[in-house]
Amino acid sequence: MESNAVAHNGGCHCRRVSWKVQAPTSIVAWECNCSVCLMRGNTHFIVPSEKFELLGDSRQFLTTYTFGTHTAKHTFCKVCGITSFYIPRSNPDGIAVTFKCIDPGTITHVEIRRFDGRNWESSYDQSGIASCSKVLNEEPK
């Protein structure tokens, strides 16, 4: 589903980490069953990194966890522990935004797709997830 991009604001539970992201009002979010996503219960959508901006002094409240290939950078707030965004292994040039961490009022529709993180390589090849962090050429109006 396509819709015009808007600025979505969001952050962690204690709001020490805050950000804004440019994304459509209708999003495709990914639910992954890899060990870390399954335990966190994180469902996210992916944007090109240039569409994401950390606000204020958020960076000082972030810490990062990596495992396996160390490609994914699982960021979370040092104070409340919430992962409101991270750099995914599938899209190291993008940002995975936890859609439930977006402030209410700007998301109109969420389509949930499954990513089989337990069988990462085959799911990556079949899902098309890699294209989510690419900037599409927008047609002039």
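Calculation rules
- Residues numbered from 1 in each chain as written.
- Predicted model: local features only at pLDDT ≥ 70, side-chain atom pairs only at ≥ 80, totals over all residues.
- Heavy atoms only, no water.
- Helix = DSSP H or I, 4+ residues; strand = E, 2+ residues; numbered from the N terminus.
- Buried < 20%, exposed > 50% of the residue type's maximum accessible area, 1.4 Å probe, protein only.
- Contact = heavy atoms within 4.5 Å.
- Polar contact = N/O pair within 3.5 Å; in protein donor to acceptor, adjacent residues only side chain to side chain.
- Phe/Tyr/Trp six-rings, centres within 6.5 Å; stacked < 30°, edge-to-face > 60°.
- Lys NZ or Arg CZ within 6 Å of the ring centre and 35° of its normal.
- Core = buried A, V, L, I, M, F, W, Y, C linked by side-chain atoms within 4.5 Å.
- Salt bridge = Lys/Arg side-chain N within 4 Å of Asp/Glu carboxyl O.

How would you explain the environment of H8 if you had to name every residue and give the values?
Looking at the secondary structure, you find H8 in strand β1 (residues 5-11). With a relative accessible area of 0%, H8 lands in the buried category. Those residues in contact with H8, other than ones at most four positions away along the chain, are W19, K20, V21, A23, P24, T25, I102, T106 and I107. Reaching out from H8, the side chain makes a polar contact with the backbone oxygen of A23 at a distance of 3.1 Å.

Go over the packing of aromatic side chains, please, and point to the residues and values.
Under the criterion given, the structure shown has four aromatic pairs. Arranged with centres 5.7 Å apart and planes meeting at 40 degrees, the rings of W19 and F52 form a pair that is tilted. Residue W19 is located in strand β2 (residues 18-24), and its partner F52 is located in strand β5 (residues 52-54); the two are separated by 33 residues in the primary sequence. On the basis of an interplanar angle of 85 degrees and a centroid distance of 6.5 Å, the ring pair of W30 and F115 is categorised as edge-to-face. Taken together, the residues span a long stretch of sequence, with W30 in strand β3 (residues 26-32) and F115 in strand β10 (residues 109-115) at a distance of 85 residues. Residues W30 and F115 agree in their burial class; the two are buried. An aromatic cluster of three or more residues is present, and its members are W19, F52 and F85. Residue placement shows R16 over the ring face of F61; its charged tip is 6.0 Å from the ring centre.

How would you sum up the nonpolar core? Please name residues and give values.
Membership of the largest hydrophobic core comes to 19 residues, with the highest contact counts inside it found for V17, W19, F45, V47, F52 and V97. Broken down by secondary-structure element, the contributors of at least two residues to this core are β2, β3, β4 (43-48) and β9 (94-98). When near neighbours in sequence (up to four residues on either side) are disregarded, V47 contacts V21, Q22, A23, F52, G94, I95, V97, C132 and S133. Grouped together as the second largest cluster of nonpolar side chains are eleven residues, W30, C32, A96 and I129 included.

Summarise the pattern of salt bridges; cite the residues concerned and give the values.
With the rule as written, the count across this model stands at five salt bridges. For E53, the salt bridge identified is with K20, shortest N-O distance 3.7 Å. With E53 in strand β5 and K20 in strand β2, this pair connects stretches of sequence that are 33 residues apart. Judged by relative accessible area, which is 39%, E53 ranks as partly exposed. Exposure remark for K20: the relative accessible area of 32% places this residue in the partly exposed category. Residue E111 is joined to R113 by a salt bridge in which the shortest nitrogen-to-oxygen separation is 2.9 Å.

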